[in-house]
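Close look at the chain arrangement
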Amino acid sequence: ETGVTQTPRHLVMGMTNKKSLKCEQHLGHNAMYWYKQSAKKPLELMFVYNFKEQTENNSVPSRFSPECPNSSHLFLHLHTLQPEDSALYLCASSQGNGGAPETQYFGPGTRLLVL
Amino acid sequence: GENVEQHPSTLSVQEGDSAVIKCTYSDSASNYFPWYKQELGKRPQLIIDIRSNVGEKKDQRIAVTLNKTAKHFSLHITETQPEDSAVYFCAALSNTGTASKLTFGTGTRLQVTL
């Protein structure tokens, strides 16, 4: 349960605010992911980092800016968000060996409300 | 890209009955199919997975079957219990050669009634 942690767990922000979400994994993994989970929608992959390099940007608006300073930490910087960005933001990590299929482990998520 | 469809969106069963959730995928190159369980307010947790070189896998009351030809896979829960109530997500993995990219289904809300 504590392998992947996220802070804050809840966040309320105005459309003009700037905030950051933080994810940390203690599993020795090399790949980290940001997902968005909205009501009645599938989990949407936003970004993928492997060995600190971004390998996937799933057409995410520029008001979301990821940062991966090392393999254990992942940030999502938020600015000028819209109310429709309100959702649960989930971080996940996996081994990142790139060769074989691998399991992704999720953090508890940050529930974001944009007013 | 990969597209995963999941049915039904809601499922209600009586305690002790079986539950079956079905998913289809579009990318024949997908080679890994995990199932996640998400309880209310909690993170998705892996409950079982299957690789493309296997047709069936079982873990106690949970089993998953995979038909690569038809590109569909199913989750089977037998002898359901109230604590099985949750949202279940299927997913298909397209290995990009670097990190794995999971595409999720829309989820099935399972309710186990007494």
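Below or above, wherever it landed, is the structure these notes cover. (Residues numbered from 1 in each chain as written. Chains lettered and ligands numbered in written order. Predicted model: local features only at pLDDT ≥ 70, side-chain atom pairs only at ≥ 80, totals over all residues. Heavy atoms only, no water.)

1. Notes on the sheet that holds strand S7 (residues 64-70) of chain A
Residue and element names in this part refer to chain A. Here four strands make up an open sheet; going across it, the order is S1-S3-S8-S7 and the pairing antiparallel. The open sheet terminates on both sides in strands that have one partner only, identified here as strand S1 (4-7) and S7. Going from strand to strand, the sheet's axes swing by 20° on average, the running direction of each strand aside. Pairing of S1 with strand S3 (residues 18-25), which is carried by four bridges, proceeds in the antiparallel orientation. Counted as the bridge partner of Val-4 is Gln-25 from S3. (Pairing = 2+ DSSP bridges. Helix = DSSP H or I, 4+ residues; strand = E, 2+ residues; numbered from the N terminus. Axes fitted to C-alpha atoms, helices over the stretch in contact; angles between N-to-C directions.)

2. Details of the pattern of salt bridges
Residues and elements named next belong to chain B. All chains considered together, the criterion is met by five salt bridges over all chains. With a closest N to O distance of 3.9 Å, Asp-49 and Arg-51 form a salt bridge. Among the residues examined, Arg-51 registers a relative accessible area of 32% and is labelled partly exposed. Between Asp-49 and Lys-57 there is a salt bridge, and its shortest N-O distance comes to 2.8 Å. Note on Asp-49: relative accessible area 9%, which makes it buried. On the accessibility criterion, Lys-57 (36% relative accessible area) is partly exposed. (Salt bridge = Lys/Arg side-chain N within 4 Å of Asp/Glu carboxyl O. Buried < 20%, exposed > 50% of the residue type's maximum accessible area, 1.4 Å probe, protein only.)

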